[in-house]
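# Structural overview for review
Letter by letter, the chains look like this.
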Amino acid sequence: MSQLTAPPKAGAPTGAMPNSYATGRLPRFVPLIVLAGSLVIMFAVFALFATADPSGGFNAAGAVFLAVVLYGAVIYFVARMIEGPRRAKDRLVTTLVTLAFVIALLPLVSLLSTVLLNGTARLDLTFFTNSMRNVVGEGGGALHAVTGTLFMTGAAAIISIPIGLLTSIYLVEYGRGRLAQAITFFVDVMTGIPSIVAGLFAYTLFVIIFGPGVRLGIAGAIALAVLMIPVVVRSSEEMLRLVPNELREAAFALGVPKWLVVLKVVLPTSIAGLTTGIMLSISRVIGETAPLLVAAGYTNNMNYDLFEGRMQSLPVFVYSSYVSQGTEAQAYLDRAWTGALTLILIVMALNLLARFIARAFSPKLSR
Amino acid sequence: MKFNTFGRTAAVTALAALALSGCAANEDTAAGGGSSESASELTGTLVGAGASSQQSAQEAWTTAFQTANPDVTIEYDPAGSGAGRDTFLAGGSAFAGSDRAFKDDEIAEGDFAACAPDTGIVEIPAYISPIAVIFNLEGIDTLNLDAATIAGIFNGSITTWNDEQIASQNPDAELPDTAITPVHRQDDSGTTENFTEYLGAAAPEVWTDEADGVWPLEGGEAASQTSGMIDAVTGGEGTVGYADASRAGDLGTVSVKVGEEYVPYSAEAAAAIVDASPMAEGRTEGDLAVEIDRTSEEAGVYPIVLVSYLIGCEEYTDPASAELVKAYFSYIVSEEGQQEAADAAGSAPISSDLFDKASAAIELIK
Amino acid sequence: MTASATTALIPAKQRPGDRIFSGSALVAGSLILAVLAAVAAFLILQSVPAVTTNPEDISILRGVNLAEYVWPLIFGTLWSATIALVLAVPVAIGIALFISHYAPRRLAQGLGYVIDLLAAVPSVVFGLWGGNVLAPAVQPFYSWLEQNAGWFPLFAGPASGTGRTILTASVVLAVMILPIITAICREVFLQTPVLHEEAALALGATRWEMIRMAVLPFGRAGIVSAAMLGLGRALGETMAVAMVLSASGGVTFNLISSSNPSTIAANIALSFPEAYGVNVNVLIATGLILFAITLLVNTIARIVVNRRKDFSGAN
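Residues numbered from 1 in each chain as written. Chains lettered and ligands numbered in written order. Predicted model: local features only at pLDDT ≥ 70, side-chain atom pairs only at ≥ 80, totals over all residues. Heavy atoms only, no water.

Turning our attention to the overall build of chain C. A count of helical and extended segments in chain C gives eleven helices and zero strands. Reading chain C from its N end, one meets helices and strands in the order α-α-α-α-α-α-α-α-α-α-α. Computed over the C-alpha atoms, the radius of gyration of chain C is 25 Å, more than 25% above the 20 Å expected from 2.2 N^0.38 for a compact globule of 315 residues. The principal-axis extent of the C-alpha atoms belonging to chain C is close to 80 × 55 × 30 Å. Buried residues in chain C amount to 58% of all 315 residues. Counted over contacts in chain C with a minimum sequence separation of 6, partners at least 24 positions apart contribute 79%. When the accessible area of chain C is evaluated, it comes to approximately 13,200 Å², of which 67% is carbon and sulfur surface. The average position of the 16 basic charges and that of the 13 acidic charges among the side chains of chain C differ by 13 Å. (Helix = DSSP H or I, 4+ residues; strand = E, 2+ residues; numbered from the N terminus. Rg over C-alpha atoms; globule rule 2.2 N^0.38 Å. Buried < 20%, exposed > 50% of the residue type's maximum accessible area, 1.4 Å probe, protein only. Contact = heavy atoms within 4.5 Å. Areas by Shrake-Rupley, 256 points an atom, 1.4 Å probe, with all protein chains shown as cover. Lys, Arg positive; Asp, Glu negative; His and termini not counted. Charge placed at Lys NZ, Arg CZ, Asp CG, Glu CD.)

As structure tokens, then:
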């Protein structure tokens, strides 16, 4: 890239010795200026549209989107002229990658703001201290659903985390040959079990054991466990494989038995990854509606016993509040949104707790 | 270390259980059942399952019944009519709620596990709810339509709101030339079955499909559940659908032509059609299956109604559930019970005539 | 020392702890196989009546045979999941790259947490949001597409009046599977050997060239398996699709009309409550078909991953 073709730029004092590292590069503030310029242009254009046709209103999202597109185009051509095609491409990709991230944020922001806007209406003490027993219309709460969700998800976690962890330990540390291959393959298959099929399976299983029409909290937990196990195995397997072999070999060289190596070296080293994976699996199942509707049934009453009677859960609570609204529809809708908000808050709290635990127990590394 | 990973969730659950171990604030008497002073002697848990259309009404009935009988818990699982009938057949519940009565051959073949062998069942049309034809057109709250026009709108032969057929029946309305978007339920539902039965009976030359819980035509806009239907009709412009009248809200509704007049939906008109309709033939004494006369031309009847049944045994193998079912059913058909449902779910209270028949049927339960 | 003794491997000393540990790990692994076998057996047993009963006696089929009943559902399932995947994968790779290679290191972890939050939103909420917020918002866009791009078969219209089309449902599905694909891609990209990256940069590669030559080849297998996990989720998603999609028609590629094929999982959820007798078996049989489809998808993914492994930079 010859410096002669590049027009003299602001910030590069003419006559002085050119900085050899900065030649042929756009100064750092140029992208910012281009971005600001595109934003101004697009907002101006959209404002014009909005004044010309007041019924349409001002479309901020559209303006931002087109501004980003404009920015991408302008920066590509500017960079192509000054820096050459390779760097221009690099800048274009940077724009695209950032754009992808912004695009992903849009639905997240829209979703969370919708849930927050609608969900705070009933976010009061009654909601967390009352069940729906003997409640018609306004009032009532979701204590029974919160307890049910925690109980059933907890039971599912107690069932599937040991099985999932041990299986991944088997696959990584012990498994050789056909059995390990078969397990890997069928765990993949298991990730594809549709949630409603898991619910039907658990329901039918309990009908065979306890007779027709039986709906129990534990049946819901089993259905959730069927969905949860493969996620635990898949994520833990990946994390265990990341543990460097040098660590294992060092421990073996000191004469440590294999099971202690796994317990004291492999698991602690990977505990951060393991907790992340387990939390992912819990978030995956805690919001499941269809299997719980089939297997655990529906109730308006408190139930602390997984092995006796129907159990309500938050997703089912949200769904049925939305689906069957009485004459006072708003009260039902408010409860549904608040239930959804509660569920998201629970998952966030669990995530934070997991991060805290992972940090507390992972070995202190130098880096 | 491993314990921490396993135990963490267990610990969370245990903590949560501790935090929540106090009973719900509104349930002080329910769990223990120790309220000795209650006037009622009924105790126990009664399990029913079935139609989701009855859910709001069942909640109201359950609430009132549980308040009067604090030691009783009634679990109504709104699993759906089909699931409710199957559960009742298999003996999984003591009563069922269903948007249609059992068919003759189902009763003949059916081996009702909760009932004593060779005894009949009791079917009571206790939840009557008008189905409103709802639409979303700016500035228009009500339209007069006959069955053939409604059928034409829903099968797609009438495509715009200012169609001659609609305009001729509504000379005063300023109809726009908006395209009509008919919305139907995509799930299998009693509402659809009753609506298509009405269209087929009242406009046989336009609507040629049989009554079915699944919308018989392919194509068109579809939404799931009543709530989805309301959302879809509210969210569009020029949309039209059908839904439980209690949910019509601010949407426009159709007055349906019966005989020579146009009848808007109302609780009384819905109850009136049930009275004007004959009972199904060949049924046992306790089986009050109604065959709604959709073409009735009597004054003041509204023919598009959903009749949902309470289904129980004439004779239970378990006397405890017989007692509970009898008391609960008696409450439901009583004037207070019907009024509770009307307030909470917008249903139509049954007439005194039907009340007498229902009471006689409930008397059979033992 | 004899020759035979030296060539044979010396067996490790077997401690009781070892045996118990490896034994329980083996049991856990086998338990998964047992559970899966039980699910498969349950599905097959319950599906038998649907196949053996005369189709005319099954009310839910409404005069057609099982294959004709299931075909639009299979199509709808595959079609909606494919669109969702096409929408989600590029965005997910973009986000993963952004977090792993573009965002400042301090920011990256927080951003990852934000995306993980999406995984925590229950499917019912996605359904409510998709039906009541997203669908009305995109409806004008569909009308515009119909008028300006109606010549293109995918946008033939007539545009839906409510926006509850298969494209909307697929967008919701894409948002739902985004966090799964992103999380795995991110982990894989972060594992790219730093030496490869530094070597590329030292040769004068730009950041994008470094990613294209070092990061993407290394992560290709991981991307495929992440995409397949996402596809599995999209194929089996029930409630969100049931609440968003206006499913009323047969097989069509049209993206913006209101007549869309339903999906297997959504159809089970919508029809199950009113199903009775052998109708239940028909629905379970469709569940078995869905199960078979996911099995097939996973098998293909595994073959692809295994084949690609040889060329990736991982070795």
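The next subject is the nonpolar core. The biggest cluster of nonpolar side chains holds 209 residues, and the ones touching the most others in it are Ile193(A), Phe126(C) and Ile181(C). By residue number, the principal contributor to this core is helix α3 (residues 66–102) of chain C, which donates 22 residues. Apart from residues no more than four positions distant in its own chain, Ile193(A) is found in contact with Ala198(A), Val226(A), Leu227(A), Leu36(C), Val39(C) and Phe291(C). Counting 103 residues, the second largest nonpolar core, distinct from the first, contains Val233(B), Leu251(B), Val258(B) and Val307(B). (Core = buried A, V, L, I, M, F, W, Y, C linked by side-chain atoms within 4.5 Å.)

Enumeration over the complete set of coordinates arrives at eight cavities of 30 Å³ or more. Taken as a whole, the largest cavity spans an internal volume of roughly 760 Å³. Every residue lining the largest cavity is counted, 43 residues in all, and those nearest its centre are Val323(A), Ser52(B), Gln55(B), Pro78(B) and Gln225(B). For the lining of the largest cavity, the secondary-structure elements that each account for two or more residues are α12 (290–295) and α13 (314–323) of chain A, α2 (55–68), α7 (190–202) and α8 (225–235) of chain B together with α9 (239–244) and α10 (264–271) of chain C. Taken together, the residues of the lining of the largest cavity sort by class into 18 nonpolar, 16 polar and nine charged. (1 Å grid on protein atoms, 1.4 Å probe; cavity = no way out; pocket = protein on both sides within 12 Å on 5 of 7 lines; lining within 4 Å. Points joined across faces, edges and corners; volume = space filled by probe spheres on them. Nonpolar A, V, L, I, M, F, W, Y, C, P; charged D, E, K, R; others polar.)

Here the focus is the pairing of strand β2 (residues 72–77) of chain B. All names here are of chain B. Most of β2 is tucked away, with six of its six residues classed as buried. Of the two faces of β2, the one holding Val72, Ile74 and Tyr76 and the one holding Thr73, Glu75 and Asp77 are both buried throughout. With six bridges connecting them, strand β1 (residues 44–50) and β2 associate as parallel partners. Bridging from a neighbouring strand, valine 47 pairs with glutamate 75 of β2. As for the winding sense of the linkage, the β-α-β connection from β1 through α2 to β2 is right-handed. (Pairing = 2+ DSSP bridges. Right-handed = clockwise from strand over helix to strand, strands pointing away.)

To continue, consider α7(B). Working note: α-helix, 3.6 residues per turn, so residues spaced by three or four point in the same direction. Residue and element names in this part refer to chain B. Taking 1.5 Å per residue, 13 residues should reach 18 Å; α7 reaches 18 Å between its end C-alpha atoms and fits that length. Within α7, the full set of buried residues consists of Gly190, Thr191, Thr192, Asn194, Phe195, Thr196, Tyr198 and Leu199. Where the residues of α7 are buried, they touch β4 (121–136), α5 (147–155), β6 (181–185), β8 (239–244), β9 (252–258) and β11 (305–313). (Expected span 1.5 Å × (residues − 1).)

Every contact between the two is made by 51 residues of chain A and, on the other side, 52 residues of chain B. Together chain A and chain B conceal approximately 4,300 Å² of surface at their shared face, both sides included; 59% is due to carbon and sulfur atoms. At the boundary of chain A and chain B, one finds two salt bridges. When the shortest N-O distance is used, the salt bridge between Arg310(A) and Asp77(B) registers 2.5 Å. (Buried area = accessible area lost by both parts, 1.4 Å probe. Salt bridge = Lys/Arg side-chain N within 4 Å of Asp/Glu carboxyl O.)

For the pair helix α3 (residues 85–119) of chain A and α3(C), interaxial distance at closest approach is 8 Å and the crossing angle is 110°. As the angle between them shows, α3(A) and α3(C) are arranged roughly perpendicular. Taken as a pair, α3(A) and α3(C) cross one another with a handedness that is left-handed. Residues Asp90(A), Val93(A), Thr94(A), Val97(A), Thr98(A), Ala100(A), Phe101(A) and Ala104(A) of α3(A) lie in contact with α3(C), whose contacting residues are Val91(C), Gly94(C), Ile95(C), Leu97(C), Phe98(C) and Tyr102(C). (Axes fitted to C-alpha atoms, helices over the stretch in contact; angles between N-to-C directions. Parallel < 35°, antiparallel > 145°, perpendicular 65-115°, else oblique. Left-handed = near helix turned anticlockwise from the far one by under 90°.)

The pLDDT averaged across chain A works out to 83; a share of 90% of its residues lies at or above 70. Every residue in residues 1–15 of chain A scores below 50 in pLDDT, and together they form eleven contacts with partners more than four places removed in sequence or on other chains. (pLDDT = per-residue confidence, 0-100.)

All names here are of chain C. The sites that UniProt annotates as "transmembrane region" (unreviewed entry) are residues 20–45, 69–99, 111–129, 166–190, 210–231 and 276–301. For the annotated span residues 210–231, helix accounts for 100% and strand for 0% of the residues, and the straight-line distance between the end C-alpha atoms is 29 Å. With 92% helix and 0% strand, residues 276–301 has its two end C-alpha atoms placed 37 Å apart. (UniProt positions renumbered as here; feature names shortened; annotations may be inferred.)

On to the packing of aromatic side chains, then. Overall, the coordinates contain 33 aromatic pairs over all chains when judged by the stated rule. Ring plane angle 85° and centroid distance 5.7 Å describe the contact between Phe95(B) and Phe329(B), whose orientation is recorded as edge-to-face. With a gap of 234 residues between them, Phe95(B) in strand β3 (residues 95–98) and Phe329(B) in helix α10 (residues 319–333) connect regions that are remote in the sequence. For Phe95(B), a relative accessible area of 0% puts it in the buried group. For Phe329(B), a relative accessible area of 0% puts it in the buried group. Taken together, a centroid distance of 4.9 Å and an interplanar angle of 85° make the contact between Trp79(C) and Phe253(C) edge-to-face. Of the two residues, Trp79(C) sits in helix α3 while Phe253(C) sits in the loop between α9 and α10, which places them 174 residues apart along the sequence. Owing to a relative accessible area of 47%, Phe253(C) belongs among the partly exposed residues under this scheme. (Phe/Tyr/Trp six-rings, centres within 6.5 Å; stacked < 30°, edge-to-face > 60°.)

The next point concerns the pairing of β9(B). All names here are of chain B. The buried count for β9 comes to six of seven residues, which makes it a mostly enclosed element. Direction of pairing for β4 relative to β9: antiparallel, over a ladder of two bridges. When the sheet's bridge partners are listed, phenylalanine 135 is paired in β9 with glycine 252. In this structure, strand β5 (residues 142–145) lies alongside β9, joined through four bridges in parallel fashion.

Helix-helix packing: each pair is described by the crossing angle between the helix axes and the interaxial distance. Following both chains from N to C, one finds helix α14 (residues 329–361) of chain A and helix α4 (residues 105–120) of chain C inclined at 140°, their axes separated by 10 Å at the closest point. Classified by the interaxial angle, the pair formed by α14(A) and α4(C) is oblique. Relative to α4(C), α14(A) is oriented so that their crossing is right-handed. On the side of α14(A), the interface is formed by Val347(A), Met348(A), Asn351(A), Leu352(A) and Arg355(A), while α4(C) contributes Gln109(C), Tyr113(C), Asp116(C), Leu117(C) and Ala120(C).

This brings us to the UniProt feature "domain: ABC transmembrane type-1" (unreviewed entry) in chain A. Here, the residues flagged by UniProt with the feature "domain: ABC transmembrane type-1" (unreviewed entry) are residues 146–354 of chain A. Across residues 146–354 of chain A, helical content stands at 78% and strand content at 0%; the span's end C-alpha atoms are separated by 20 Å.

This part covers α8(B). Of all eleven residues that make up α8(B), eight are buried, and the element is covered over most of its length. Looking only at α8(B), the buried set comprises Gln225(B), Thr226(B), Ser227(B), Gly228(B), Met229(B), Ile230(B), Ala232(B) and Val233(B). Buried residues belonging to α8(B) abut α13 of chain A together with β4, β6, β7 (221–223) and β8 of chain B.

Residue and element names in this part refer to chain C. Averaged over every residue, the pLDDT of chain C is 83; residues scoring 70 or more account for 93%. Put simply, helix α1 (residues 3–7) is where chain C has its lowest mean pLDDT, 47, and α3 is where it has its highest, 91. Note on residues 1–6: pLDDT is under 50 here. Beyond four places in sequence and across chains, it has one contact. Segment residues 310–315 is flagged for pLDDT under 50; beyond a separation of four residues in sequence, or across chains, it makes eight contacts in the model. Across the interface, the model reports ipTM at 0.84; the global pTM reads 0.85.

Moving on: the domain arrangement of chain A. Residue and element names in this part refer to chain A. Taken domain by domain, chain A consists of domain 1 (29–122) and domain 2 (129–361). Each of domain 1 and domain 2 was reduced to a C-alpha centroid, and the two centroids are 39 Å apart. Counting residues at the interface gives nine residues for domain 1, matched by nine residues for domain 2. Remark: the boundary between domain 1 and domain 2 carries zero salt bridges. For the pair domain 1 and domain 2, the interface holds four residue pairs in polar contact (both at pLDDT 80 or more). Here the side of domain 1 that touches domain 2 is built from residues that sort into four nonpolar, four polar and one charged. (Domains from an automatic or database assignment. Polar contact = N/O pair within 3.5 Å; in protein donor to acceptor, adjacent residues only side chain to side chain.)

So, about the interface of chain A and chain C. Taken together, the contact pairs 77 residues of chain A with 77 residues of chain C. Between chain A and chain C, the buried area comes to about 7,100 Å², and carbon and sulfur atoms account for 78% of it. Broken down residue by residue, the surface that chain A buries against chain C is led by Phe101(A), Leu111(A) and Phe201(A), which jointly contribute 9%. Here chain A and chain C share one salt bridge between them. Note that Arg86(A) and Glu209(C) form a salt bridge whose closest N and O atoms lie 2.7 Å from each other.

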